[in-house]
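Next come the chains, spelled out residue by residue.
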Amino acid sequence: MNLPEAKVSKILNFSCVDGPGNRLVLFLQGCNFACLNCHNPHTMALCNHCGDCVPACPTGALSMIGGRVVHDPTRCDECDQCLEVCPINSNPKVFQVTIGEVLELVQRNKPFLNGITVSGGEATTQLKFITALFGVMKQSVSLRDLTCFIDSNGYLPEFAWRSVLPYTDGVMLDIKSFDCDLHCKLTGRTNERVLASARFLHAEGKLHELRYLLIPGMTDVPAEIDRLLDFVLDLSPGLNLRLNAFQHHGVRGEAQDWPAAEKDRVEEIASQLRRGGLSNVTTPAVYI
Amino acid sequence: MQELQARFKTITEDPSLSFSQKARALSLEAENSLAYPELDEDTARALEERVICDMYEGHAPFKPRYVMPDYSVVLKKGSEFLELEPAQTLDEAINSLMIAYHHVPSVTNMPVFLGHLDDLLLPYCDGVSEEALYSKIKLFWRYLDRVLPDAFMHANIGPSDNQVARAILKVDSELKQVAPNLTFIWDPEVSSDEIFQMACDSIIECSKPHIANHPVHQPIFDSAGYGIASCYNALPLCGGASTLTRINLYEVAKRSVSVEDFFQNVLPRYVDLNFRLTQVRVNHLFEKSRFFESFLVKEGWIAKDRFTAMFGIFAMAEAVNELQEKAGVAGRYGHDDAANSLGHRISAALAEAVASREMEYVWRGRAMLHSQAGLSDDGGCTPGVRIPYGSEPDPVTHIQALAGHHGYYTSGVSEILTLDETIRNNREALSQLVKGAFSLGFREFSANISSNDLVRVTGYMVRLSDIQKFKESGGSRINTTVLGAEASVTGAILDRAPRVIAHEFTRG
């Protein structure tokens, strides 16, 4: 069978922040948003093999072979100089994995896992891989009790969601803002499809969690919080809503000058949403 | 003599010691002014060079290192020596235990084992309301922490799901005291999912309890059972351990020219010397100290023939890395399959050596292998078989690397997993991790929840290099936030640390 492969920027064996329980997480490379506030900008683009990173590597882990940038993990000490110099927000350390390799890893870690999550970048830019992987897992006698989750920005259209949902147990979906102009400014795209995805996934019983990033002066203003409250109330007051706090690590460009979200303000907004009727609002365990 | 008197004087006038600490320091000085039990030349030299170590237990062992009384004896039969009647009510039972603890010695002079508290107290709980039980346990817990402030004092609960175990977990996670330490004994056939999850939730609150894997421990012992004391020592109940001696595997590796020399010559030599040291100390306890003439034996709290000898090792990580270097291979302990396998081979060799050496005055005639947690001044050496702090891989890889050791260390493995604080928002992740570890043969599970560099925040990765840069660049506002968050989480415990200390970590 000719199964798709994935471009992966990182695999984690243990994550307690990517869905229920402990999850193996695949961070797929590539994103269809260009968020000013992105904490992992090096996951946005696929490498175009320009080679600018090769001389920047202090340990000689990068080389040009046959016109392609090749990364040698055994020589890499994770200094991330290559990410600094990359002109297109990509990452020469991205590697290709097959479905079989992922299954082997999941099988090995299975005693520790409640499930797996694909994240990004924007995971759904590699939808065929996700559909194939989840499909195989759901057919596997030894793996089908593991849940399969997607972490998404919600830009995927409904017909495409329909192709993967039969094999998907839940989706964690980010809403960047409710004001369409602000959404455009923050992400480079409008938000109609994001809001439609949230409604559709909820109607299908697959919306595990909504996530909302609080950026001071932008997404934490009263008008946005009111719309967030109305939107979630309209779906279900008991929906899991996770508030995230904008911080600076990893951020590039103008967002470095934005103020970080402070714990007191985040907790105040959480209280306001709870008073408004939401029963499952979570705030960050740490601010870093 | 003048020198000794000068030391006594320094202790009595030391402004940093409380009066009870002075009394303890004086008694240690007095004991250590006696001649050491007679050692042969080779053993004495190995001890002097600290390739083998007596844990600075003192020159004249007059009490076992760990005493694990069967406290049900004093509850059911009372005590003639202590003039106690059998307990009739829960108040009397708790009161008898509080009295009993004061008469149970150990290496620290404080009890290291408080009993299987749910088994002990349940017979007295008929007709006691949940509220009454909760408030009695709370006062009991406060007493233990304030009067016997040693973090190695250890209570056991489980495997059954019962009202006493639940009350203890509730009180313990509320009070967040350093003492007593607590182990929940888990048996998937007996423990309910609810009590297991309560134990995991409590770990997130206060890094306690430790969870012991009953199906792994139970077959090692007999029908009288076992208890977990101090720093995860599994020992025969109604007995304990006479001594704990240990080998510094790093020092052994340094004295070996090659991997084969290590296995063929140098390790067997120091294993032998450590056995000799152990036997000499055990002999002194049994033949000279008269400890076993105590009322504890006469009344049946402990039995003379139920004391094991703990054969400890530490610095496995440094030993493996040293041997890898000598073999000219790069892989490091905890991260490389070949290095991890070499570690497992060392553990197997040690287990074999311990199983084949007959010992006198020792339970079942054999010592028990132990992965030892370390002393406060083991500079440069990693406790037991642990992976060096700061270089641990992710928790799953960490457990997979160490699981192969656990079967060998029948008297316990001291291992602590550091988990980042994001787990507070996802309790199920912790219980799954514990179950995963136990399915691979982990004997005990201990976790510390703390801020560390590997923090991940919802939905995205934090790269180590980012955190590094971030720290270098200052960012005072956020640093303050981080420090503030840390302080609020750990502050209660930090405030208490100077008063409640882990006596066992300090040299005698």
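Residues numbered from 1 in each chain as written. Chains lettered and ligands numbered in written order. Predicted model: local features only at pLDDT ≥ 70, side-chain atom pairs only at ≥ 80, totals over all residues. Heavy atoms only, no water.

### Overview of the overall build of chain A
Stage number 1. When helices and strands are tallied, chain A shows eight helices and eleven strands.
Stage number 2. Here chain A has a C-alpha radius of gyration of 19 Å; the compact-globule value for 288 residues is 19 Å, and the two agree.
Stage number 3. Dimensions of chain A, computed from C-alpha atoms along their principal axes, come out at roughly 60 × 50 × 35 Å.
Stage number 4. Residue burial in chain A is summarised as follows: out of 288 residues, 55% are buried. (Helix = DSSP H or I, 4+ residues; strand = E, 2+ residues; numbered from the N terminus. Rg over C-alpha atoms; globule rule 2.2 N^0.38 Å. Buried < 20%, exposed > 50% of the residue type's maximum accessible area, 1.4 Å probe, protein only.)

### Quick word on helix α12 (residues 259-287) of chain B
Stage number 1. Look at α12 of chain B: 40 Å from first C-alpha to last across 29 residues, which is about the 42 Å you get at 1.5 Å a residue.
Stage number 2. The axis of α12 of chain B is deflected most strongly, by about 40 degrees, at Val-266 of chain B, and proline Pro-268 of chain B appears within four residues downstream. (Expected span 1.5 Å × (residues − 1). Bend = angle between axes of the 7 residues up to and from the residue.)

### A look at helix α14 (residues 316-326) of chain B
Residues and elements named next belong to chain B.
Stage number 1. Most of α14 sits inside the fold, with nine of its eleven residues counted as buried.
Stage number 2. All of the buried residues along α14 are Met-316, Ala-317, Glu-318, Ala-319, Val-320, Asn-321, Glu-322, Leu-323 and Gln-324.
Stage number 3. Its buried side turned inward, α14 meets α11 (249-254), α12, β10 (307-314), α15 (337-356) and α16 (395-406).
Stage number 4. One or two steps after α14, the chain reaches Gly-328, where phi turns positive at roughly 75 degrees. (Contact = heavy atoms within 4.5 Å.)

### Some words on the sheet that holds strand β3 (residues 113-116) of chain B
Residue and element names in this part refer to chain B.
Stage number 1. Pairing is mixed in the open sheet, where five strands are placed in the order β3-β4-β5-β6-β13. At either end of the open sheet lies a strand with only one pairing partner, and these are β3 and β13 (444-445).
Stage number 2. Bridge count for strand β5 (residues 181-186) against strand β6 (residues 210-213) is four bridges, and the pairing is parallel. Of the residues in β6, the one forming a bridge with Trp-186 is Asn-213. (Pairing = 2+ DSSP bridges.)

### Overview of the confidence of the model for chain B
Stage number 1. In the predicted model, chain B carries a mean pLDDT of 87, and 88% of its residues have values of at least 70.
Stage number 2. The model gives residues 474-508 of chain B a pLDDT under 50, and that stretch makes 60 contacts with residues more than four places away or in other chains. (pLDDT = per-residue confidence, 0-100.)

### Comments concerning the domain arrangement of chain A
Stage number 1. When its domains are assigned, chain A resolves into domain 1 (6-41 + 95-282) and domain 2 (47-85).
Stage number 2. A C-alpha centroid distance of 30 Å is found between domain 1 of chain A and domain 2 of chain A. (Domains from an automatic or database assignment.)

### A few points about the pattern of salt bridges
Residues and elements named next belong to chain B.
Stage number 1. Under the criterion given, the structure shown has 39 salt bridges over all chains.
Stage number 2. Notably, a salt bridge pairs Lys-138 with Glu-174, separated by 3.5 Å at the nearest N-O pair. Placement of Lys-138 in helix α7 (residues 130-147) and of Glu-174 in helix α8 (residues 163-175) is noted, with a sequence separation of 36 residues between them.
Stage number 3. Note on Lys-138: relative accessible area 28%, which makes it partly exposed.
Stage number 4. For Glu-251, the salt bridge identified is with Arg-255, shortest N-O distance 2.6 Å.
Stage number 5. Overall, Arg-255 belongs to the partly exposed group, its relative accessible area being 30%. (Salt bridge = Lys/Arg side-chain N within 4 Å of Asp/Glu carboxyl O.)

### Side note on the sheet that holds strand β7 (residues 147-152) of chain A
Residues and elements named next belong to chain A.
Stage number 1. Strand order in this open sheet of nine strands is β5-β1-β2-β6-β7-β8-β9-β10-β11, and the pairing throughout is mixed. Either end of the sheet is taken by a strand with one partner, and the two such strands are β5 (95-97) and β11 (281-282).
Stage number 2. Of the pairings in the sheet, the one linking strand β9 (residues 207-214) to strand β10 (residues 241-245) comprises five bridges and is parallel in character. Bridged to Leu-214 within β10 is Ala-245.
Stage number 3. Together, β8 (170-175), β9 and β10 form the strand contacts of helix α7 (residues 222-235), whose direction differs from that of β9 by roughly 175 degrees. (Axes fitted to C-alpha atoms, helices over the stretch in contact; angles between N-to-C directions.)

### Some points on the packing of aromatic side chains
All names here are of chain B.
Stage number 1. Enumeration according to the criterion identifies 21 aromatic pairs over all chains in this entry.
Stage number 2. Centroid distance Tyr-71 to Phe-113: 6.4 Å. Interplanar angle 25 degrees. Geometry classified as stacked. One end of the pair, Tyr-71, is in the loop between β2 (66-68) and α4 (72-77); the other, Phe-113, is in strand β3, and 42 residues separate them in sequence. Residue Tyr-71 shares its accessibility class with Phe-113, and that shared class is buried. (Phe/Tyr/Trp six-rings, centres within 6.5 Å; stacked < 30°, edge-to-face > 60°.)

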